[in-house]
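Residue-level structure breakdown
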Number of protein chains: 2
Amino acid sequence: MKSVIATLVGGALLAGSLSAAAVEPAKQIELRQAGFSYMAWNMGKIKAQVIDGSVEYNQQQVEAAANTIAAIANSGIGALFGPGTEQDIGDVHTKVDPALFENMQDVAQLAGNMGTAANTLAEKAASGDQSEIRVAFGEVGKTCKACHDKYRLD
Amino acid sequence: MKSVIATLVGGALLAGSLSAAAVEPAKQIELRQAGFSYMAWNMGKIKAQVIDGSVEYNQQQVEAAANTIAAIANSGIGALFGPGTEQDIGDVHTKVDPALFENMQDVAQLAGNMGTAANTLAEKAASGDQSEIRVAFGEVGKTCKACHDKYRLD
């Protein structure tokens with residue numbers, strides 16, 4: 001079943017790649033970094049309000065942050081790992097491990113996990129149950145780390 | 001009524017600013033540019049599939065793109081226009097017109113319009129009605145342009 005899902009998600013990634021064909025490689029690198037950094041900012045907001053408690057909990061902000069993470073996670077960001085984006089292009093740097101491009105089915109699986117976990121976080125954020133948000137947040141973080149550990153160079 | 005809405009949205013922006021206080025100014029500039037460029041990429045996907053027809057229509061992709069635009073538009077991106085981000089910081093460039101920071105109530109109004117239009121686009125995208133998506137897309141574009149014309153330098 002897992003491989004079926006991976007293939008389906010992989011298909012979606014491929015379809016996404018086609019739609020991104022018009023985006024030149026350097027711009028693809030910039031856009032994927034834009035998407036991930038915007039996700040990270042929103043993860044940070046939830047972390048501050050629900051995990052650390054360093055910022056007072058605000059339901060509207062947490063919900064908006066979770067919706068943003070889920071939307072970006074499911075936006076077809078995989079399409080921005082197109083041919084020619086395996087390494088730095090001029091002054092556009094990438095931390096991607098070129099091994100990613102040899103393991104697209106695994107990447108599709110990891111990306112699918114991220115999308116699923118992010119959707120759950122958005123659902124829990126809408127419910128306002130902070131203990132459930134905390135758990136769902138942790139699960140999203142694991143899916144980020146799973147891909148970073150495998151395919152992001154230090 | 002408009003001023004009431006603007007004040008409410010302005011309040012949300014201010015609250016967002018507080019939550020972003022930990023983000024240093026240069027990073028705020030990078031993050032707001034990340035959010036806007038990721039929105040623009042997703043606008044481009046809808047444009048290609050629904051307006052130009054240069055890429056075949058794909059319901060899943062258009063819906064995902066519209067959801068991403070709506071989520072970012074409603075993510076509290078205004079919080080990233082904090083004090084100290086009125087001009088370039090080192091090699092971090094910004095096109096923002098410093099006048100924006102003197103007109104936060106107007107900016108809040110424009111941002112609220114963008115969020116509303118983007119939510120409508122997401123609803124229409126979910127319906128799959130291309131003629132309605134086309135109209136809603138145009139309305140989002142107008143809200144982008146309204147702010148660019150007033151507060152983005154060339």
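In this text the structure is predicted, and so the values were computed from the model without any measurement. (Residues numbered from 1 in each chain as written. Chains lettered and ligands numbered in written order. Predicted model: local features only at pLDDT ≥ 70, side-chain atom pairs only at ≥ 80, totals over all residues. Heavy atoms only, no water.)

1. Overview of the overall build of chain A
- In terms of helices and strands, chain A carries five helices and zero strands.
- For chain A, with 154 residues in total, the buried portion stands at 42%.
- Across chain A, the fraction of contacts at a sequence separation of at least 24, relative to all contacts at a separation of at least 6, is 72%. (Helix = DSSP H or I, 4+ residues; strand = E, 2+ residues; numbered from the N terminus. Buried < 20%, exposed > 50% of the residue type's maximum accessible area, 1.4 Å probe, protein only. Contact = heavy atoms within 4.5 Å.)

2. Comments concerning the packing of aromatic side chains
Residue and element names in this part refer to chain A.
- For the structure shown, the criterion picks out six aromatic pairs over all chains.
- Measuring from ring centre to ring centre gives 6.3 Å for Phe36 and Phe81, while their planes differ by 55°; the resulting arrangement is tilted. Of this pair, Phe36 sits in helix 2 (residues 25-52) while Phe81 is found in the loop between helix 3 (59-73) and helix 4 (104-127), placing the two residues 45 residues apart along the sequence.
- Residue classification places Phe81 among the buried residues on the basis of a relative accessible area of 14%. (Phe/Tyr/Trp six-rings, centres within 6.5 Å; stacked < 30°, edge-to-face > 60°.)

3. Notes on the interface of chain B and chain A
- At the junction of the two partners, chain B supplies 29 residues and chain A supplies 29 residues.
- Buried area between chain B and chain A, summed over both chains or domains, comes out near 2,000 Å², and the portion from carbon and sulfur atoms is 65%.
- Our enumeration of links across chain B and chain A arrives at zero salt bridges.
- Put simply, chain B and chain A have six residue pairs in polar contact (both at pLDDT 80 or more) between them.
- Taken together, the elements giving at least two residues each to the side of chain B that touches chain A come down to helix 1 (2-19), helix 2 (25-52) and helix 3 (59-73) of chain B.
- Residue contributions to the side of chain B that touches chain A peak at nine residues, all from helix 2 of chain B.
- Its residues assigned to classes, the side of chain B that touches chain A shows 15 nonpolar, 13 polar and one charged. (Buried area = accessible area lost by both parts, 1.4 Å probe. Salt bridge = Lys/Arg side-chain N within 4 Å of Asp/Glu carboxyl O. Polar contact = N/O pair within 3.5 Å; in protein donor to acceptor, adjacent residues only side chain to side chain. Nonpolar A, V, L, I, M, F, W, Y, C, P; charged D, E, K, R; others polar.)

4. Regarding the UniProt feature "binding site: heme c" (unreviewed entry) in chain A
Residue and element names in this part refer to chain A.
- Under the UniProt annotation, "binding site: heme c" (unreviewed entry) lies at Cys144, Cys147 and His148.
- As for its placement among the helices and strands, Cys144 is situated in helix 5 (residues 130-151).
- Mapped onto the secondary structure, Cys147 falls in helix 5.
- According to the relative accessible area criterion, Cys147 is partly exposed, its value standing at 23%. (UniProt positions renumbered as here; feature names shortened; annotations may be inferred.)

5. Looking at the relation of the copies chain B and chain A
- Least-squares fitting of chain B to chain A yields an RMSD of 0.0 Å, with the transformation described by 0.0 Å of translation along the axis and a rotation of 180°. Accordingly, the operation relating the two chain copies is best matched by a two-fold axis. The C-alpha atom lying nearest the rotation axis in chain B is that of Ala34(B); the distance is 2.1 Å.
- A high fraction, 100%, of the interface residues of chain B reappear at the interface in chain A, so the copies pair face to face through one surface. (Least-squares fit on C-alpha atoms with pLDDT ≥ 70 in both.)

6. A short note on the nonpolar core
- One finds Ile46(A), Ile69(A), Leu121(A), Ile46(B), Ile69(B) and Leu121(B) to be the most contacted residues of the largest nonpolar core, which totals 56 residues.
- If sequence neighbours within four positions are ignored, Ile46(A) has contacts with Ile51(A), Val62(A), Ala65(A), Ala66(A), Ile69(A), Leu121(A), Ile133(A) and Phe137(A). (Core = buried A, V, L, I, M, F, W, Y, C linked by side-chain atoms within 4.5 Å.)

7. Observations concerning the side chain of Gln61(A)
- Here Gln61(A) is to be found in helix 3.
- Of the residues examined, Gln61(A) reaches a relative accessible area of 15% and is grouped as buried.

8. A word on the packing of helix 3 of chain A against helix 4 of chain A
Residues and elements named next belong to chain A.
- At a minimum axis distance of 8 Å, the contact between helix 3 and helix 4 shows a crossing angle of 160°. Comparing the axis directions of helix 3 and helix 4 gives the class roughly antiparallel. Seen from above, helix 3 lies across helix 4 with left-handed handedness. On the side of helix 3, the interface is formed by Gln59, Val62, Glu63, Ala66, Asn67, Ile69, Ala70 and Ala73, while helix 4 contributes Met114, Gly115, Ala118, Asn119, Leu121, Ala122, Ala125 and Ala126. (Axes fitted to C-alpha atoms, helices over the stretch in contact; angles between N-to-C directions. Parallel < 35°, antiparallel > 145°, perpendicular 65-115°, else oblique. Left-handed = near helix turned anticlockwise from the far one by under 90°.)

9. Quick notes on the environment of Ile46(B)
- Along the chain, Ile46(B) turns up in helix 2.
- Residues Ile46(B) and Ile133(B), 87 residues apart in the sequence, show an inter-C-alpha distance of 8.8 Å.

10. Some points on the side chain of Thr94(A)
Residues and elements named next belong to chain A.
- Mapped onto the secondary structure, Thr94 falls in the loop between helix 3 and helix 4.
- Only 2.9 Å separates the side chain of Thr94 from the side chain of Arg32, close enough to count as a polar contact.
- Looking at Thr94, its side chain comes within polar contact range of the main-chain nitrogen of Val96, at 3.0 Å.
- Residues within four places of Thr94 in sequence aside, it is in contact with Ile29, Arg32, Gln33, Thr85, Glu86, Gln87 and Asp88.

11. Some remarks on helix 4 (residues 104-127) of chain B
- In this model, helix 4 of chain B (24 residues) spans 35 Å end to end at C-alpha, consistent with the 34 Å of a helix rising 1.5 Å per residue.
- Among all positions in helix 4 of chain B, only Val107(B), Ala108(B), Gln109(B), Leu110(B), Gly112(B), Met114(B), Gly115(B), Ala117(B), Ala118(B), Leu121(B), Ala122(B) and Ala125(B) are buried. (Expected span 1.5 Å × (residues − 1).)

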